[in-house]
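Coordinate analysis (summary)
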Amino acid sequence: MKTPSIYVFDCSAAGLIISAFVELLDQSTSTSGPSAKDCILLAACEAHETLPQSAEFPADVFTSCLTTPIKMALRWFCTRSLLHESFDYSMIDRIPGRQTDRKTLLGELNWIFTAVTDTIAWNVLPHDLFRRLFRQDLLVASLFRNFLLAERIMRSANCSPMSYPVLPPTHQHHMWDAWDMAAEICISQLPTLVDDPNAEFQPSPFFTEQLTAFEVWLDHGSERKKPPEQLPIVLQVLLSQLHRFRALVLLGRFLDMGPWAVDLALSVGIFPYVLKLLQTTTPELQQILVFIWTKILALDKSCQVDLVKDGGHTYFIRFLDSIDAYPEQRAMAAFVLAVIVDGHRRGQETCIEAGLIHVCLKHLQCSSPNDAQTEPLFLQWICLCLGKLWEDFSEAQLIGLQADAPAIISPLLLEPQPEVRAAAVFALGTALDVGSDTSRDGQGEEDDDDEKVKAEAGIVKNLLNVVSDGSPLVRAEVAVALSRFAFGHNKHLKSVAAAYWKPQSSSVLTSLPSFAVKGSSSGYTTPTHYMPHGSIVPSPIAPLLRVGHDSQPVSRDGRVSSSSPLATPGIMHGSPLSDDSSQHSDYGALNDCVTNGVLSYSRRKPLDNALYSQCVLAMFNLAKDPSPRVESLGRRVLAIIGIEQVVAKSFKPAGVSIRPGEPSTSASASLAGLARSSSWFELTGGAHLPLAFRTPPVSPPRPSYMTGMRRVCSLEFRPHLMSSPDSGLADPLLASPGPSGVSDRSFLPQSMIYNWSCGHFSKPLLTAMDDTEDIIARREEREKLALDHIVKCQHSSLSKMQNQIASWDTKFETGTKTALLQPFSPVVIASDENERIRVWNYEEATLLNSFNNHDYPDKGVSKLCLVNEFEENLLLVASNDGNIRIWKDYSSKGKQKLVTAFASIQGHRPGVRSVNAVVDWQQQSGYLFSSGEISSIMAWDLDKEQLVSTIPLASDSSISALAVSQVHGGQFAAGFVDGYVRLYDIRTPEMVVSATRPHTQRVERVVGIGFQPGLEPAKIVSASQAGNIQFLDMRCAKDKYLTIDAHRGSLTALAVHRHAPIIASGSAKQLIKVFNLEGDPLGTIRYYPTFMAQKIGSVSCLTFHPYQVLLAAGAADACVSIYADEILPPR
């Protein structure tokens, strides 16, 4: 016979046939015979057994079980039950009802029988065998269900039925008892139903009881325990309207336990049932069905195909559009729709036909930003759904642009939740048409309409506004979106980027109107790039790259050709690298060069040059992002526009004069080029002033300049520089296609926000993840401890602070730069100029951990702060360049993890070499304030990871010290380079509360500032470099009420205790002096002549313990010492 086929052998010694058949199959599989897998054999008994010959069984017991299972089961059961004397067996043939109608007795019995046999099979059989026999074919499934019954009945007559494939024994499974009980309840109604056709049939309590058993399992079960055996019954219950709602709710609870539960439910065969339910319109089932589908799709995306085939997507679009559902549940519907369209063209098309774009945009418009009702999760998923809907699908992108989608989505870029902002960036980024591979060769693009170009320009402008967002999640999405833009507008961006690398007057760069500071009289620039508008820019490269001290000129990708860069127009006219002393710059030259050359070369419609310039700048900023992931994405974007990153080797270029006074040693480590690169201008002595005010710098003679460039070229670049003769440029390298992979779509970096957000739905959603009890207990214990210590501090009668309790040689080559004492453990954290961070336990004198803040350690750490000191605290490390990195698990060796990183300072004054950031963190408000040699103070909300306020500085002077109030949220004080002290309060509209200039003897910078302990809001201590410490009451700013002349002309550090009436100041002359708030000296720590004493070098940092009278001092000789009050020994 042909396969597939089923054989039933109902005869004595049937087992013989099966073993012979298996032998035959084994032989034939070696040849090309029928596959054994496609044959199913059922035999009534084993090889040595004969069929039962008793009167209680029909002659063909086995066949009867397989064909009329309910009658056989009842007949067999009745002979064994208490009913057998009084029961009329002929009634079994007259059971009223139809097998398919569950509201009748026969239908109910058939339904319970199916549920019981399914359950036994699922619990006993291996899952793949169960799926093959019970879920793939209805006939096979019913035969095997009946075979389980046959096994039970025949075993009672001492026969063991056999099957191929072999099944484990099931005749003693305890679910048969549940069947017997249900059968008995049904049979007990049989006489009345047969006698009176109008009598009402009472349904069996079987399903209700089984659901209760399942509920009990849900209350106590878990992944580690045995799976709930009632799962197949729950599935059967879904068929009945009576129990459906309860079954769905319990099923939802089960699926919420984790992916393992969803896996189990899918193995039972839940899928077709819940798919069919999407055709129902009962309103109360909607929410739970959406929840169940969310759980299924969070585990298995492949279900998208069946959903679209059955038109299931319309159910979710309707739900998404319904007003009465909660936003969290509508977010789930948006998630389901996002999965349906994710990478599935048929899904995208059907959802667009169903109007999904307009539904989504409508709900984004309804949720105005000031409306507190909008659920962030809902906004996030609407954006992700839109992004997935038009990802790589240009028809959908056009519909979105026509519906003004970018304008509707862009307000979400200001939402407080980073996830929503990242999702909005994703939606905007995927709306950019990357262009198909054919169109990139230049065919078929002439009809590209202006509308689309305008819309793309609008999208890119919106993206550039968030390129310096506080959250790495958002910046990573911006990088991915810009890479799509770079891919579509590759040639134009390449030409602009190439123009940057050419040393010439950058007229492109001056046309950057959108970055100008509004209302800033100082002419400084704002966030995303660092140039004065209206003046010629010091250099085309300096703004893009932070300058390391000893870095060498490194150009990317060899965009320096040996074919005379001097021929380009900009160099001939007053570029700082030429000897031509005329200072005018030929404005049109570069633009002409670019327009004639490359822009006409590509057929993609160009946007305006200013926008391309801003994009290139943004890409450079991303490529030196403090977050490693964003940085690597940024570099990939640069690679798309033909700028390869290189590694700076140690070499000394010939003929490039290094600025006097700087070490002319070469970059010793092989550090990745971008973060360290310097520009030609920096190295030839300028870039401190805008060109317009500068006399021409003395530059090396042209020939040696050329050799320097050639030298760079030959040492640094891979030899893939191809020339492109038809580009029409003076420099053939500029239009070279760059890496050969660029034309390939797979080169684009992938977005992460979608997969990352999907993870939310695989976690349990119904059980609230509250803080566990031990976390709360520890927090309360720490708060109590802190209060006790504060009271002690406030009432301590301090006498001396000279008792050194610990000293630690940090082994920092450059000396200690900053230190921090942990509040609740005897731990001190210190860091140095090279951004190495070490954590030391001073009671046990052991080093707990040591790690680098990042890979280009040439900035120095300006401040260490603890975030969430009552919890598992995080270490906030602020570098001198204003980059903030937050670490967790930093005190376990090698376990430290970077939580987030961002640049807190954006844009510095022209000609300023380093920002010298000053930073402080305020726990109560959740704000981080940062400033430095810039014209404003930036206030970041770390919870929202967002810049919440930019406070402009009144004077041209920059800030040299910053301290926040630990008592009044939103208050902070700043000390300026010119001796001013100003008190700010971010809660007031004008920000500045008062200003005073206490340090007037000589104009000396304020090196330290702090709020006095206690609750008074405006009492401040400030110390200037001249050595005087002033006690100020900012409410009457005319007068400082107390002055201490602590150190003559060499004060380097100041510390004010949070709660105890004590301050300390350090000097370059190796002294630390301690005073109380009345100005009385409490002691001096200095070099002792004694043999045993620890020496200290020039004091570089001082810090008090927040809740105890302990002082940590770091010195230039890498020693950190901790001093205690003699009366209060350390705990």
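Look a little higher up for the structure.
Residues numbered from 1 in each chain as written. Predicted model: local features only at pLDDT ≥ 70, side-chain atom pairs only at ≥ 80, totals over all residues. Heavy atoms only, no water.

Topic: the sheet that holds strand β19 (residues 981–985)
Strand order in the open sheet made by the four strands is β17-β18-β19-β20, with antiparallel pairing throughout. Looking at which strands have only one partner, the edges of the open sheet turn out to be β17 (959–964) and β20 (992–996). Mean inter-strand twist for the sheet, computed between neighbouring axes without regard to direction, equals 15°. Both β17 and strand β18 (residues 971–976) contribute to a ladder of five bridges, which runs antiparallel. Among the inter-strand pairings, Ala963 is bridged to a residue of β18, identified as Ala973. (Pairing = 2+ DSSP bridges. Helix = DSSP H or I, 4+ residues; strand = E, 2+ residues; numbered from the N terminus. Axes fitted to C-alpha atoms, helices over the stretch in contact; angles between N-to-C directions.)

Points about the side chain of His243
Mapped onto the secondary structure, His243 falls in helix α10 (residues 241–255). A relative accessible area of 16% means that His243 is categorised as buried. (Buried < 20%, exposed > 50% of the residue type's maximum accessible area, 1.4 Å probe, protein only.)

Details of the nonpolar core
Core analysis: the largest hydrophobic core is formed by 205 residues, its most contacted members being Trp179, Phe206, Phe254, Trp293, Leu320, Trp381 and Ile409. The contact partners of Leu320, leaving out residues within four places of it in the chain, are Arg330, Ala333, Ala334, Leu337, Leu356, Val359, Cys360, His363, Phe378 and Ile382. Counting residues in hydrophobic clusters, the runner-up holds 19 residues, among them Met801, Ala1053, Ile1072 and Phe1104. (Core = buried A, V, L, I, M, F, W, Y, C linked by side-chain atoms within 4.5 Å. Contact = heavy atoms within 4.5 Å.)

Concerning the environment of Lys494
Tracing the backbone shows Lys494 in helix α26 (residues 490–501). Take Lys494: its relative accessible area is 9%, and that puts it in the buried class. Spatially, the C-alpha atom of Lys494 lies 6.2 Å from that of Gly642, the residues being 148 residues apart in sequence.

Here's the deal with the pattern of salt bridges
If you walk through the whole model with that rule in mind, you get 26 salt bridges. One salt bridge connects Arg145 with Asp118, and the closest N-O pair in it is separated by 3.7 Å. Remark: Asp118 occurs in helix α4 (residues 105–124) and Arg145 occurs in helix α6 (residues 138–156); sequence separation between them is 27 residues. Taken individually, Arg145 and Asp118 each receive the classification buried, so the pair is uniform in this respect. As a salt-bridge pair, Arg778 and Glu872 come within 3.1 Å of each other at their nearest N and O atoms. Within this pair, whereas Arg778 is found in helix α36 (residues 773–794), its partner Glu872 is found in the loop between β9 (861–867) and β10 (874–879), the two being separated by 94 residues in sequence. Overlapping salt bridges bring together Lys301, Asp342, Lys388 and Glu391 as one network. (Salt bridge = Lys/Arg side-chain N within 4 Å of Asp/Glu carboxyl O.)

None of this, on its own, says anything about what the molecule does.
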